[in-house]
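# A structural walkthrough
Listed below are the residues making up each chain.
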Amino acid sequence: AQSVAQPEDQVNVAEGNPLTVKCTYSVSGNPYLFWYVQYPNRGLQFLLKYITGDNLVKGSYGFEAEFNKSQTSFHLKKPSALVSDSALYFCAVRPLSGYSTLTFGKGTMLLVSP
Amino acid sequence: DTAVSQTPKYLVTQMGNDKSIKCEQNLGHDTMYWYKQDSKKFLKIMFSYNNKELIINETVPNRFSPKSPDKAHLNLHINSLELGDSAVYFCASQGRGNANTGELFFGEGSRLTVL
């Protein structure tokens, strides 16, 4: 069975500082990995995904994520945080082969202070 | 144009009632989902339909019955509502060519409160 761990319930960052939201996963075989963002009272929005290729994936709103196979991690990063980045972030995984639904982590709340 | 639209956005009802939530997507996708997000924001898949056929039915009580009249619509009917059904229900869709690699497109959610 596949699983996703987001070890931090909340990450606090000052505006302008770099941010990292952590994600580790467990899946049979190679993974497809995703990050989604949820603003208050809104649905989830796709940020970025890793399928194959370059381990550093760039996505929407200046976010990027680094795939690390040996550490089974897919941390979300941004060089300079904005107050408007404050939201709930979900990491998700599904295996490369076969059909399977997306498994989401429990979410990490990112709070960016002015 | 809203890609995935759900109605109603808010629903407050009494225990024991029956209610429905509707979902429509105008993306031409073949696969649609229902997810439940509880008060702790945890997301759990409930159902998945591909081209009107049920392909995933997670451990969900029989009181929940999805219906897909066509591949653009996936409705959720809930019988005999219980307090524990209070949650935000999200509809999502996914394209055929991206069945395993593509992102999900989510609706804005339907917040169900059972009193």
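In what follows, the structure referred to is the one given above.
This text gives an overview of the structure that appears in the document. If you're wondering where the values come from, they're calculated on a predicted model, not measured in any experiment. Here the residue index of a chain counts from 1 through its sequence in written order. Just so you know, chain letters begin at A and ligand numbers begin at 1, following the order they were written in. Where local features are concerned, this predicted model is filtered to residues with pLDDT of at least 70; where side-chain atom pairs are given and counted, the filter is 80 or more; whole-chain, interface and lining totals use all residues. Excluding hydrogens and water, the side-chain figures rest on all heavy atoms present in the structure.

### Comments concerning the pattern of salt bridges
All names here are of chain A. The condition is simple: A carboxyl oxygen of Asp or Glu within 4 Å of a side-chain nitrogen of Lys or Arg is what we treat as a salt bridge. Helix and strand labels come from DSSP, where a helix needs a run of H or I of at least four residues and a strand needs a run of E of at least two; each type is numbered from the N terminus. Here's how the labels work: a residue is buried when its accessible area is under 20% of the maximum for its type, exposed when over 50%, partly exposed in between, all with a 1.4 Å probe on protein chains only.
Under the defined criterion, the tally for this structure stands at nine salt bridges over all chains. Note that Lys106 and Asp9 form a salt bridge whose closest N and O atoms lie 2.3 Å from each other. Note that Lys106 is positioned in the loop between strand S11 (103–104) and strand S12 (108–113) and Asp9 in the loop between strand S1 (3–5) and strand S2 (10–14), a separation of 97 residues in sequence. Given the relative accessible area of 33%, Lys106 is considered partly exposed. A relative accessible area of 57% means that Asp9 is categorised as exposed.

### Observations concerning the environment of Ile51(A)
Residues and elements named next belong to chain A. By secondary structure assignment, the location of Ile51 is in the loop between strand S6 (44–50) and strand S7 (56–58). Residue Ile51 is classed as partly exposed on the basis of its relative accessible area of 22%. In sequence terms Ile51 and Ala81 are 30 residues apart; their C-alpha atoms lie 26 Å from each other.

### A closer look at the state of the cysteines
Residues and elements named next belong to chain A. The test is simple: Disulfides are defined as cysteine sulfur pairs within 2.5 Å.
Enumeration over the complete set of coordinates arrives at two disulfides over all chains. Two residues, Cys23 and Cys91, share a disulfide whose sulfurs are 2.0 Å apart. Its torsion about the S-S bond being -65°, the disulfide of Cys23 and Cys91 is classed as left-handed. Taken together, the positions of Cys23 in the loop between strand S3 (19–21) and strand S4 (24–26) and Cys91 in strand S10 (residues 87–95) put the pair 68 residues apart, joining distant regions of the chain. Cys91 shares its class with Cys23; the two are buried.

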